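Summary of structural features
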Amino acid sequence: MPLKIAVLNNSGNVGKSTICNVMLQPRLPESRVIRIETINSDGTSDSKVSANDFIEVCRLINYSSCAIVDIGSSNIETFFKKMIAFKGIQEDFDYFIIPITPQNKQQLDSLVTLETLLDLDVDPARIRVIFNMVDLDKPFERQFNNILENKTFKSLKIKDHPIINNTELFIHLHENEKTLATVLADNRDFRTLLRQSSDLREIDKLSTDRALKRLATGVNEDLDNAFKKLNLM
């Protein structure tokens, strides 16, 4: 199914790129991530373009049947200005996804993002919110009070928003130079390998890899549930 999705927030550090990479792209067949950001090389093969070059942005989006557009916070003001200049561009997107985290500043910035989209005549039915980095040890309503009590947010009338719980997984993946996909694909019999090994270094490595696999499996199930609640398909 062809889809054009924008993932955006006026604030940084809300998990936009992670959501694009590990939740959306693996669950949307033949999808392509397009990053709207200050262009620099980060070692990935994702398409990158500045919001200032909006005709190129449009070309890349239309070139892909399923485009996930990751709009960097440093480019979002320009992106919104271009949406005003390019009349009707909001109709090119099927959905606008706003990740929101518990921090007060990020919540206030998220509300600005939501209000801007509505001011640009984006249909509220095409706006999605993901509550990200949720702390399981604190009441959900207390963490996101600024959002949940906001009149504009309530106007979306969506009862069951996706939730992604906070996790240490991505820190460990970075430290061990692994990706979620490679860890999930690791089908070694760790129990047998650990029982057979007498090498302490190997045991340490196998123990770490097994722990990562278990943690990654739980996080992936969390992402599955969040993706279903987005109701994109």
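See the structure above.
Summary of the structure given here.

About the thresholds
Residues numbered from 1 in each chain as written. Predicted model: local features only at pLDDT ≥ 70, side-chain atom pairs only at ≥ 80, totals over all residues. Heavy atoms only, no water. Axes fitted to C-alpha atoms, helices over the stretch in contact; angles between N-to-C directions. Helix = DSSP H or I, 4+ residues; strand = E, 2+ residues; numbered from the N terminus. Left-handed = near helix turned anticlockwise from the far one by under 90°. Contact = heavy atoms within 4.5 Å. Salt bridge = Lys/Arg side-chain N within 4 Å of Asp/Glu carboxyl O. Buried < 20%, exposed > 50% of the residue type's maximum accessible area, 1.4 Å probe, protein only. Pairing = 2+ DSSP bridges. Disulfide = S-S within 2.5 Å.

Before going further, it helps to spend a moment on the packing of helix α1 (residues 16-27) against helix α11 (residues 200-230). Two elements in contact, α1 and α11, have axes whose closest approach is 10 Å; the angle formed by their N-to-C orientations is 65°. The two elements α1 and α11 meet at a crossing, and its hand is right-handed. Seen from α1, the contacting residues are Val22, Met23, Leu24 and Arg27; seen from α11, they are Asn220, Leu223, Asp224, Ala226, Phe227 and Leu230.

What follows covers the pattern of salt bridges. On inspection of all chains with the given rule, the structure shows eleven salt bridges. Residues glutamate 149 and lysine 154 are paired through a salt bridge, measuring 3.7 Å at the closest nitrogen-oxygen approach. The exposure class of lysine 154 is partly exposed, given its relative accessible area of 48%. Of the charged contacts, one joins lysine 229 and aspartate 160 as a salt bridge, the two residues approaching to 3.4 Å between their closest N and O atoms. Pair noted here: lysine 229 is in helix α11 and aspartate 160 is in the loop between α7 (151-154) and β7 (163-165), with a separation of 69 residues, a long-range link. Taking relative accessible area as the criterion, lysine 229 reaches 37% and is therefore assigned partly exposed. What you see here is one network of salt bridges that share partners, running through Lys178, Asp186, Arg188, Lys205 and Asp209.

Taken in spatial order, the seven strands make up an open sheet running β3-β2-β4-β1-β5-β6-β7, and their pairing is parallel. In this open sheet, the two strands that pair with only one neighbour each are β3 (47-49) and β7. The average undirected angle you get between the axes of adjacent strands in this sheet is 20°. Both strand β2 (residues 32-36) and strand β4 (residues 66-71) contribute to a ladder of five bridges, which runs parallel. The residue bridging valine 33 from the neighbouring strand is isoleucine 68, located in β4. Packed on one face of the sheet, helix α2 (residues 54-63) meets β1 (3-7), β2, β3 and β4 and runs near 170° to β2.

The next point concerns the state of the cysteines. Overall, the coordinates contain zero disulfides when judged by the stated rule. Cysteine cysteine 20 remains unbridged, with the sulfur of cysteine 66 as its closest cysteine sulfur at 11 Å. A relative accessible area of 0% means that cysteine 20 is categorised as buried. Among the cysteines around cysteine 58, which has no disulfide bond, cysteine 66 carries the closest sulfur, lying 17 Å off.

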